[in-house]
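Here's the letter readout for the chains.
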Amino acid sequence: MVNRLRSDDWYEGADRNAYIHRAWMRRGNPDDALDGSRPQIAIANTASDLTPCNAHLDEVAESVKAGIWAAGGVPYNLPVVSLGETQVKPTAMLWRNMAAMAMEEMFRANPIDGVVLLGGCDKTIPALLMAASSVDIPAIVVPGGPMITGHFRGEALGCGTDVWRLSEEVRAGTLSNEQFLRSESSMIRSKGHCNTMGTASTMAVVAEALGMTIPGFAGTPAPDARLLSMSHDTGRLIVEMIRSDRKPSDIMTKDAFLNAIVAVAAVGGSTNSVVHLLAIAGRLGIDLTLDDFDAAGAGVPVMANLQPSGRFLMDDLYRAGGVLGLLAQIKDMLKPAPITVTGVPLVEYLDDRPVYDDTVILPRDAPLMEDAGITVLRGNLAPRGALIKPAAATPELLQHTGPAVVFDSIEDMRDRIDDPALDVTADSVLVLRGCGPRGYPGMPEVGNMPIPKRLLEQGVRDMVRISDARMSGTAYGTVILHAAPEAAAGGPLAFVRTGDIITIDVESRTLNMAVSDEELQSRSQSPISEAAYAAPVRGWEKLYVDHVMQADTGADLDFLVGGSGSKVSRESH
Ligand code: FES
Ligand code: MG
């Protein structure tokens, strides 16, 4: 039990500084709010009207506040730089590290004893977990929850996934553009984040599997009344966590990360979870590598029949038994030791978890795919690794050899992809470079390049695609991502040429081009035009490009790796 609070360093005593800290914060709170008896708790709130997936979090924050008061704490709303995945350009990922850096500094600088992290849309939970890890004061996540299912002409529409699918149908000529546009108002039916197993849903599952949410919280739909009651419970629990001094470093151990990797595999989660998990682990000083993803995820069956890998949506998962119901099916694959925010191990919440619909949470002996963790490929195209999500790929393409068709930038790809003169067949391997963390900058979700129109019209719906970019967690296809080092960092992706023969073999985990070392060496003497890569001269982009690390280590800024604890450097007055 903790007797002295961190916030006592601000509020305790009879001197002038304590007077100043208290006087400005009274604001109508009860007299004992700052007397050292009540933990001071920030609600890191990513609510923003420009982050539509998180816009409801102000209401959620009120429930958290009520819970904090009820347990004897004092809550404070703390706005966070918020990132609307669909809105900001060039890509929300460019500011994940900025949000993480800003919140790390604010958690440390302020008179708080713990934080409740309110997230939802893709980058918001990762940024908050990175920040809380570097400060290491008690912290707990409230996942804002997915939207309920929208329908168009009687059929469920999956956020993101069906945009990709329907827009390809338009390009193939099998759906009119008018029909496509008509579906626009049907997709987003309620508050909440994307209802597919995209990045937002995946990161909610990750937060729960890491032990950082109340068990059973992840996947609760945003409009569901239980979201608010669990938010209230979260407010109560953070008060107890502070009194017990249960910190992120006590919860997010190496084994907890391995559990998160297993959980991502079992739900068929987003490839984006890899850079986020690596970055969070980096903040905690945990030695997590790409090989851990391959090793821990190998042999894990995809148990969730959810888009983009399968058919259903998050609302269906919740009614079928939820994330805990799903994890209960693979309990034997989870490490037993890691505790959750409650102090009780995650695995202890997995007994007696019935599945109510086994077409959504599939039986262990009939999963969507047998062995489908995110797979790491290496070879002379990506010596430090590249990723593929086999569950979202075409099985026949998981072993493939074909000639490269190379694009130097996203603009180059858009200019030429539908050109009838482009020398491309279904066997070609599309290669896109200049889209890594440094090159774009920010590693956008463009790795799922469109299939050339001519091939779409012939019925081709998937091809092997390789890039240093990411892909939306809602997307699908035989798409190899996160090639490291990226082209802009001098990776061999910069030297591949149209016509080079590329071989991918997911089973043997290799990705190679049939180009000799000597030839690659000579090509490296004449790199592609630097103009294809970002060269910012000031501001955040400049700081980012100068310091961002490669995807294989989480794409954090090099000087943000690790933590500085919660100690402030000097007094303020
Ligand atoms: Fe916000 Fe998908 S756009 S979660
Ligand atoms: Mg996304």
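Residues numbered from 1 in each chain as written. Chains lettered and ligands numbered in written order. Predicted model: local features only at pLDDT ≥ 70, side-chain atom pairs only at ≥ 80, totals over all residues.

Draft legend 1. Inspection of the overall build of the protein chain at higher detail. Tallying secondary structure elements over the protein chain gives 20 helices and 14 strands in all. Expected size for 573 residues packed as a compact globule is a radius of gyration near 25 Å; at 24 Å, the protein chain falls within 12% of this value. Along the first, second and third principal axes, the C-alpha atoms of the protein chain reach 80 × 55 × 45 Å. Counting only residues that meet the buried cut, the protein chain has 56% of its 573 residues in that class. (Helix = DSSP H or I, 4+ residues; strand = E, 2+ residues; numbered from the N terminus. Rg over C-alpha atoms; globule rule 2.2 N^0.38 Å. Buried ≥ 20, exposed ≤ 12 C-beta atoms within 10 Å, placed from the backbone.)

Draft legend 2. Representation of the sheet that holds strand β3 (residues 114-119) within the structure. Sheet architecture is open: four strands sit in the order β2-β1-β3-β4, paired in parallel fashion. Among the strands making up the open sheet, the edge pair consists of β2 (74-79) and β4 (139-143). The sheet shows a mean angle of 20° between the axes of neighbouring strands, direction not considered. Examined bridge by bridge, strand β1 (residues 40-45) and β3 share five bridges and lie parallel to one another. Paired with Ile43 across the strands is Val116, a residue of β3. (Pairing = 2+ DSSP bridges. Axes fitted to C-alpha atoms, helices over the stretch in contact; angles between N-to-C directions.)

Draft legend 3. Spotlight on the environment of Gly192. Structurally, Gly192 is set in the loop between α8 (184-187) and α9 (199-209). Among the residues examined, Gly192 registers 29 C-beta atoms within 10 Å and is labelled buried. Along the backbone, Gly192 and Gly144 are 48 residues apart, and their C-alpha atoms lie at a distance of 6.5 Å. Excluding residues within four positions of it along the chain, Gly192 makes contact with Cys53, Gly144, Gly145, Pro146, Met147, Pro221, Ala222 and Pro223. (Contact = placed C-beta atoms within 7 Å.)

Draft legend 4. Structural detail: the domain arrangement of the protein chain. We note that the domain assignment places domain 1 (39-148 + 198-349), domain 2 (150-187) and domain 3 (375-535) within the protein chain. Domain 2 and domain 3 are separated by 27 Å when their C-alpha centres are compared. Every contact between the two is made by eight residues of domain 2 and, on the other side, ten residues of domain 3. The residue inventory of the side of domain 2 that touches domain 3, partitioned by class, reads three nonpolar, three polar and two charged. (Domains from an automatic or database assignment. Nonpolar A, V, L, I, M, F, W, Y, C, P; charged D, E, K, R; others polar.)

Draft legend 5. How the structure looks around the nonpolar core. Among the nonpolar cores identified, the biggest contains 182 residues, and Val115, Val116, Leu117 and Ala266 are the most heavily contacted of them. Tallying contributions element by element places helix α12 (residues 254-267) first for this core, with eleven residues. The contacts of Leu117, once residues within four sequence positions are left out, are Ala44, Leu128, Leu129, Ala132, Ala139, Ile140, Val141 and Val142. (Core = buried A, V, L, I, M, F, W, Y, C linked by C-beta atoms within 7 Å.)

Draft legend 6. How the structure looks around helix α4 (residues 96-109). Relative to the 20 Å expected for 14 residues at 1.5 Å per residue, α4 spans 20 Å between its end C-alpha atoms, a close match to the ideal helical length. Among the residues making up α4, those that are buried are Arg96, Asn97, Ala99, Ala100, Met101, Met103, Glu104, Phe107 and Arg108. Its buried side turned inward, α4 meets β1, β3, α5 (124-135) and α20 (539-547). (Expected span 1.5 Å × (residues − 1).)

Draft legend 7. Here's a closer look at α9. Of all eleven residues in α9, eleven are buried; the element is thus mostly enclosed. All of the buried residues in α9 are Thr199, Ala200, Ser201, Thr202, Met203, Ala204, Val205, Val206, Ala207, Glu208 and Ala209. On its buried side, α9 packs onto α5, β4, α12, α13 (272-284), α15 (314-320) and α16 (322-329). Just past α9, the residue Gly211 takes up positive phi, approximately 95°.

Draft legend 8. Up close: the packing of α9 against α12. Where α9 contacts α12, the two axes come as close as 8 Å, and the packing angle between them is 145°. Judged by the twist between their axes, the crossing of α9 over α12 is right-handed. For the pair α9 and α12, contact is made by Thr202, Val205, Val206 and Ala209 and by Asn259, Ala260, Ala263, Val264 and Val267, respectively. (Left-handed = near helix turned anticlockwise from the far one by under 90°.)

Draft legend 9. Structural detail: the confidence of the model for the protein chain. The predicted model of the protein chain has a mean per-residue pLDDT of 96, with 100% of residues at 70 or higher. Predicted confidence in the protein chain is weakest over helix α6 (residues 161-172), with a mean pLDDT of 89, and strongest over β4, with 99. Interface confidence in the predicted complex, given as ipTM, is 0.88; pTM for the same model is 0.97. (pLDDT = per-residue confidence, 0-100.)

Draft legend 10. Broad picture of the packing of α4 against α5. Contact geometry of α4 with α5 gives a least axis separation of 8 Å together with a crossing angle of 40°. Between α4 and α5, the crossing angle belongs to the class labelled oblique. Crossing of α4 over α5 shows right-handed handedness. Judged by residue contacts, Arg96, Ala99, Ala100, Met103, Glu104, Phe107 and Arg108 of α4 engage Pro126, Ala127, Leu128, Met130, Ala131, Ala132, Ser134 and Val135 from α5. (Parallel < 35°, antiparallel > 145°, perpendicular 65-115°, else oblique.)

Draft legend 11. Up close: the pairing of strand β8 (residues 382-388). In terms of burial, β8 is largely enclosed, as five of its seven residues are buried. As defined by bridge partners, strand β7 (residues 375-379) adjoins β8 across four bridges and the pair is classed as antiparallel. Within the sheet, the bridge partner assigned to Leu377 lies in β8 and is Ala386. In this structure, the hairpin formed by β7 and β8 is closed by a connection of two residues.

Draft legend 12. Broad picture of unusual backbone geometry. With omega at 5°, the peptide bond leading from Lys89 into Pro90 counts as cis. Looking at where Pro90 falls in the secondary structure, it is placed in the loop between β2 and α4. In the Ramachandran plot, Arg153 falls in the positive-phi region, its phi being about 50° despite a non-glycine side chain. With respect to the helices, strands and loops of the structure, Arg153 is situated in the loop between β5 (150-152) and β6 (155-157). In this structure, Met443 is a non-glycine residue whose phi angle is positive, near 55°.

Draft legend 13. Quick look at the pairing of strand β13 (residues 501-505). Side-chain alternation along β13 places Ile502 and Ile504 on a buried face and Ile501, Thr503 and Asp505 on a face that remains uncovered. One ladder, built from five bridges, connects strand β9 (residues 399-407) with β13; its direction is antiparallel. Residue pairing across strands places Gln399 opposite Asp505, the latter belonging to β13. Here four bridges tie β13 to strand β14 (residues 510-513), and the two strands are oriented antiparallel to one another. What sits directly across from Asp505, in β14, is Thr510.

Draft legend 14. Focus on the environment of Leu166. With respect to the helices and strands, Leu166 occurs in helix α6. Along the sequence, Leu166 and Phe407 sit 241 residues apart, while their C-alpha atoms lie 24 Å from each other. If we ignore the near neighbours within four places in the chain, the residues touching Leu166 are Leu175, Phe180 and Ser183.

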